[in-house]
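A structural walkthrough
Below are the chains, spelled out letter by letter.
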Amino acid sequence: MQVPELMNAYARIDTLFVRGEGTRLWDTEGKEYLDALAGIAVCGLGHAHPKVSKAICDQAHTITHTSNLFHNEPQQRLAKALCALSGMDNVFFSNSGAEANEAALKIARKYGNDKGINNPTVITFEKSFHGRTMATISATANSKVKDGFYPLLDGFVHAPYDDIDALKAIAENNKDIVAVFVEPVQGEGGVNVPADNYLSELRALCYANDWLLMLDEIQTGIGRTGKFLAYQHTSIQPDVITLAKGLGNGFPVGACLAHGKAALVIQPGNHGSTFGGNPLASHTAKTVLDIIIEENLVENANRIGKKIISELQAALNDVEGIVDIRGKGLMIGIELNKPCGELVQAALNEGVVLNVTAGNVIRLLPPLIFNDSDADTLIQTVTSLVKDFS
């Protein structure tokens with residue numbers, strides 16, 4: 001039996017993209033596509049952004065890596081910018097979202113150990129997704145990502161999403177809880193948007209029980225929901241935030257930010273990364289942040305997102321089979337009453353890149369640079385596809 005050179009880890013779509021520019025992609029046949037997925041919320045600035053390309057080249061010609069045994073100026077500049085934009089106190093840099101989430105979970109465990117709790121336990125949520133490492137699949141309340149990898153790590157309790165009463169019951173019955181780890185909007189779980197007061201009530205519950213409030217903003221962060229960070233739709237301040245995806249616009253970089261007592265937990269020897277926050281990654285990510293600010297792309301995501309959601313709701317309101325159309329900013333889900341994975345290929349046939357998650361939710365994650373014309377094309381195509389499918 002011939003074994004392919006690439007491990008069979010992905011059920012890949014039979015499309016090969018060879019070039020990208022802005023909100024467009026082109027395949028090997030020269031066919032053009034509107035990208036409404038952005039590499040799964042990664043390429044917020046679109047493809048081949050000239051300033052990002054120049055930043056990568058300039059830094060590659062200067063210095064790419066020295067290790068975290070030494071200071072590096074691009075890392076310090078990036079950390080300062082992230083803390084200013086988030087209200088957090090310090091940052092640990094990694095290479096991915098899963099690694100950023102590992103850092104957050106280690107902070108929670110050490111926070112509990114330092115308090116004398118022998119079995120520090122973190123609350124996570126049904127339909128969540130936090131990554132593919134052993135700790136993050138243990139944290140994720142989705143059996144599909146766990147199957148085949150038992151025994152998992154202990155120290156996690158799964159609770160219903162957007163249900164404060166369930167958490168209060170856990171607080172009364174489990175004195176080992178040290179943190180709540182939550183996505184402000186669930187991505188892989190189906191673009192699930194909680195009640196407006198949910199994060200505020202979580203914050204109050206964590207204060208009352210001396211728990212850390214840790215937010216997984218891997219998908220919701222960096223302008224995706226119409227605020228720089230999704231929690232900024234409220235007035236709360238979390239203890240830990242994790243970032244990746246849009247932070248590097250395709251260049252691998254992750255970050256775990258901490259505030260207050262959580263910022264003091266990690267000390268030399270507790271955690272580390274060979275590549276995390278090296279000069280090349282840090283300069284690229286700082287350039288991405290600068291562009292987002294200079295071009296008012298957070299505000300654009302808010303405006304264009306509202307346009308897409310409202311027009312899809314108007315166009316599909318009376319279509320049989322539509323359960324809900326929801327989202328924040330440019331993180332949009334269209335829930336159908338039956339599996340709809342075939343719409344991914346149908347959209348590609350029409351020149352649009354999108355995604356289906358949770359089996360029956362069309363997920364739209366357009367670049368933050370989407371304009372009105374892009375939005376009109378997307379709305380028209382998706383509306384037609386859904387009507388034909390339903």
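One can find the structure itself at the top, above this paragraph.
Attention here is on the structure that accompanies the text. (Residues numbered from 1 in each chain as written. Predicted model: local features only at pLDDT ≥ 70, side-chain atom pairs only at ≥ 80, totals over all residues. Heavy atoms only, no water.)

**Points about empty space enclosed by the protein**
Empty pockets left among the atoms are what a rolling probe the size of a water molecule brings to light. With the rule as written, the count across this model stands at two cavities of 30 Å³ or more. Lining the largest cavity are 13 residues, with Ala41, Gly44, Ile222, Gly246 and Leu368 positioned closest to its centre. What the second largest cavity holds in volume is close to 40 Å³. The wall of the second largest cavity is formed by Leu343, Leu354, Ile362, Val382, Leu385 and Val386. Among the elements that line the lining of the second largest cavity, the one with the most residues is helix α12 (residues 372–389), at three residues. Counted by class, the lining of the second largest cavity contains six nonpolar, no polar and no charged residues. (1 Å grid on protein atoms, 1.4 Å probe; cavity = no way out; pocket = protein on both sides within 12 Å on 5 of 7 lines; lining within 4 Å. Points joined across faces, edges and corners; volume = space filled by probe spheres on them. Helix = DSSP H or I, 4+ residues; strand = E, 2+ residues; numbered from the N terminus. Nonpolar A, V, L, I, M, F, W, Y, C, P; charged D, E, K, R; others polar.)

**Let's talk about the packing of aromatic side chains**
The tally for this structure, following the rule as stated, stands at four aromatic pairs. Pairing Tyr161 with Tyr198 gives two aromatic rings, centres 5.5 Å apart and planes at 70°, and the pair type is edge-to-face. With a gap of 37 residues between them, Tyr161 in the loop between β6 (156–159) and α7 (164–173) and Tyr198 in helix α8 (residues 198–209) connect regions that are remote in the sequence. The pair Tyr161 / Tyr198 is uniform in exposure class, with both members buried. Taking the ring centre of Trp26 as reference, the NZ or CZ of Arg19 above it sits at 3.9 Å. In this structure, Lys338 is placed above the aromatic ring of Phe389, and the distance from its NZ or CZ to the ring centre is 4.6 Å. (Phe/Tyr/Trp six-rings, centres within 6.5 Å; stacked < 30°, edge-to-face > 60°. Buried < 20%, exposed > 50% of the residue type's maximum accessible area, 1.4 Å probe, protein only. Lys NZ or Arg CZ within 6 Å of the ring centre and 35° of its normal.)

Spatial relationships are all this shows, so hold off on functional conclusions.
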